Amino acid sequence: SPDTHHDGGDVIFPSLPPLYTGHPEVHLRNGIMNASRLAAAHEPDAEKAFFVADLSQVYRQHMRWKACLPEIQPFYAVKCNPDPYVIRLLASLGAGFDCASNNEISQVLDVGGVDPSNIIFANPCKATSFVRNAAKMGVDMMTFDNADELYKIARAHPHAKCVVRILTDDSKSLCAFGIKFGAPLVTVPGLLAKAKELSLDVVGVSFHVGSGCYDPSVYTDAIMRAHAVFDMGKETGYTFKLLDVGGGFEDALFEQAAGFLTKAIDTYFPERPDIKIIAEPGRFYVSKAFRLAANIIARRAPLASPSAAPQEVKQEEDPEHPSVMYYINDGVYGAFNCILFDHQIVHPYVLSMNGSFHLTEDQPKELSSVWGPTCDSIDCVSEKTALPSALRVGDWLGFDNMGAYTVCAASQFNGFEVSKVIYTAGGAGAHEVRSALMKFAKDGHGL
Ligand code: PLP
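Criteria and thresholds
- Just so you know, the residues in each chain are numbered from 1, in the order the chain's sequence is written.
- Side-chain atom pairs in this predicted model are given and counted only at pLDDT of 80 or more, local residue features only at pLDDT of at least 70, and totals for whole chains, interfaces and linings cover all residues.
- Only the C-beta atom, placed from the backbone, is used; a residue is near a molecule or strand if that atom lies within 6 Å of it.
- Here a helix means four or more residues in a row that DSSP labels H or I, a strand means two or more in a row labelled E, and each is numbered from the N terminus.
- Note on residue classes: Ala, Val, Leu, Ile, Met, Phe, Trp, Tyr, Cys and Pro are nonpolar, Asp, Glu, Lys and Arg are charged, and everything else, Gly too, is polar.
- We call two strands paired when DSSP finds no fewer than two bridges between them.
- All axes are obtained by fitting lines to C-alpha atoms, using only the stretch in contact for helices, and the reported angles, taken between N-to-C directions, cover 0 to 180 degrees.
- Whether two residues are in contact depends on their C-beta atoms, placed from the backbone: they are in contact if these lie within 7 Å.
- pLDDT measures how confident the predictor is about each residue, on a scale from 0 to 100.
- Note on terminology: a nonpolar core is any set of buried Ala, Val, Leu, Ile, Met, Phe, Trp, Tyr and Cys residues joined through C-beta atoms within 7 Å.
- Three exposure classes are used. Buried residues have 20 or more other C-beta atoms within 10 Å of their own C-beta, exposed residues have 12 or fewer, and partly exposed residues fall in between, all C-beta atoms being placed from the backbone.
- As used here, the arc is the angular range of directions from the helix axis to the C-beta atoms.

### What to know about the site of the ligand
At step 1: Around the ligand, the structure places 18 residues, and the nearest of them are Ala-77, Ser-211, Gly-247, Glu-280 and Gly-282.
At step 2: Mapped by element, the contributors of at least two residues to the shell around the ligand are strand E10 (211-213) and helix H10 (283-286).
At step 3: By residue class, the composition of the shell around the ligand is seven nonpolar, seven polar and four charged.

### Quick word on the sheet that holds strand E11 (residues 242-244)
The strands that make up a sheet are held in pairs by hydrogen bonds between backbone atoms, and each pair lies either parallel or antiparallel.
At step 1: Here eight strands make up a closed barrel; going around it, the order is E3-E4-E5-E6-E7-E9-E11-E12 and the pairing parallel. Adjacent strand axes in the sheet meet at a mean angle of 30°, parallel and antiparallel pairs treated alike.
At step 2: By the bridge criterion, four bridges tie strand E6 (residues 141-144) to strand E7 (residues 161-165) in an arrangement that is parallel. The residue of E7 that forms the bridge with Met-142 is Cys-162.
At step 3: Against the sheet, helix H4 (residues 102-110) engages strand E4 (96-99) and strand E5 (119-121), with an angle of about 160° to E4.

### Observations concerning the confidence of the model for the protein chain
Any residue range with low pLDDT should be treated as having predicted coordinates unsuitable for detailed reading.
At step 1: Across the protein chain, pLDDT averages 93, with 95% of residues at or above 70.
At step 2: Taken as a whole, residues 1-6 scores under 50 in pLDDT and shows 17 contacts with residues more than four places along the chain or in a different chain.
At step 3: Of the two predicted TM-score estimates for the complex, the pTM is 0.95 and the ipTM is 0.99.

### Overview of the nonpolar core
At step 1: Among the nonpolar cores identified, the biggest contains 126 residues, and Phe-51, Leu-89, Ile-119, Phe-121, Met-142, Cys-162 and Val-164 are the most heavily contacted of them.
At step 2: Per element, the largest residue contribution to this core is seven residues, and it comes from helix H8 (residues 218-236).
At step 3: Not counting the four nearest positions on each side in its chain, Ile-119 is found in contact with Gly-96, Phe-97, Cys-99, Ile-105, Val-108, Val-114, Val-139 and Met-141.

### Quick look at helix H6 (residues 147-156)
At step 1: Residues of H6 that are buried: Glu-149, Leu-150 and Ile-153. The buried side chains of H6 occupy one side of the element, clustering within an arc of 100° when seen end-on. Across from the buried face of H6, at angles greater than 90 degrees, the exposed residues are Asp-148 and Arg-155.
At step 2: Each element contacted by the buried residues of H6 is listed here: helix H5 (128-137), E6, E7 and helix H7 (188-197).

Laid out in structure tokens, this is it:
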């Protein structure tokens, strides 16, 4: 594995890889140097791609959250990246968890130390067996947005604390969910009446403005709608105690989103001593924390024939189809599934070239394309990107912001392994991460 050369990493959890110190850049370089050593020793698959996860970055995001939204408890959306260190760190920092399946619930509960009341089963359409299992695990809080789900919950978990997920404007997001989930407001009174008839406890309202929300002003309208549903609850005999503002928080727009949310909550819920407010952030916590290093395993470029006249050697550049094609050892069937499923555009940069990390900006560049390792032509990582003309097989490319909706949905199509993660906690927050994890491990939650 790419991390075997590291010495001095702390083993905090016996079942997990060690946790290192230092800047992620250092670990990217160490991983690359280690791969070169293994390659020199003829180790098969020595050059495999790997992630470097900076847990300090996750910690810093949590501090940002607490500074901007002190009243809102984040329930981290496990689906976004169910990384075992991220779950342990966030659990030790007091976050709750949004789970979508039995396995996610088990994964969170198995680390120990998370009370089932700090989990919301935020999937409005669940298998009956999953609802029953949630009851067994003590997970009571769960969303619904249709009457069938209410019948199901009444049968399989009659003491559940139900949360009605409403439809809000998701047109300003990369991934819209409204076509699949969310009760239109006109249907809510009927649903609440049905819940009452089934003697179910409906405790509050949730929504999701869509993942990757690029216009956070939509939170204002969403809160207004949630408030209208609180009133509908009253009319049906429910006093709601929970407002769940969902996910959708983009790193660059977070402070702006927090501003819209805070103002809207103050406007529509001015008196709220008995209302608990939670959110389900996913990508906000992990996106920037993971970087990927991938090796150029093959290259296809026009053959420069020494005997040809210069005008024959120089091919016509087709800007739509760059003539230089690089093939790297992770692709859209692996970590880069985010390109297909999460509508991401990734930006490769050179990590190491010709064995050197000393890269100059003034390298001549040419338009190139970057491809994954599988035999499928859909496996394209970047259709057009300017990369140094001197880049060759064996060099390494880096990709930032690879923590959200990447590794969790990676497959092993064509027999390519899912890239492994090297963990570090460097820079601001390193000490806090370490003590949070140490304490968590010491308290007996060391799985
Ligand atoms: N909550 C639910 C129910 C979701 O479906 C998702 C994303 O799919 C999230 C939260 C997390 O969203 P984000 O990563 O945009 O914060």
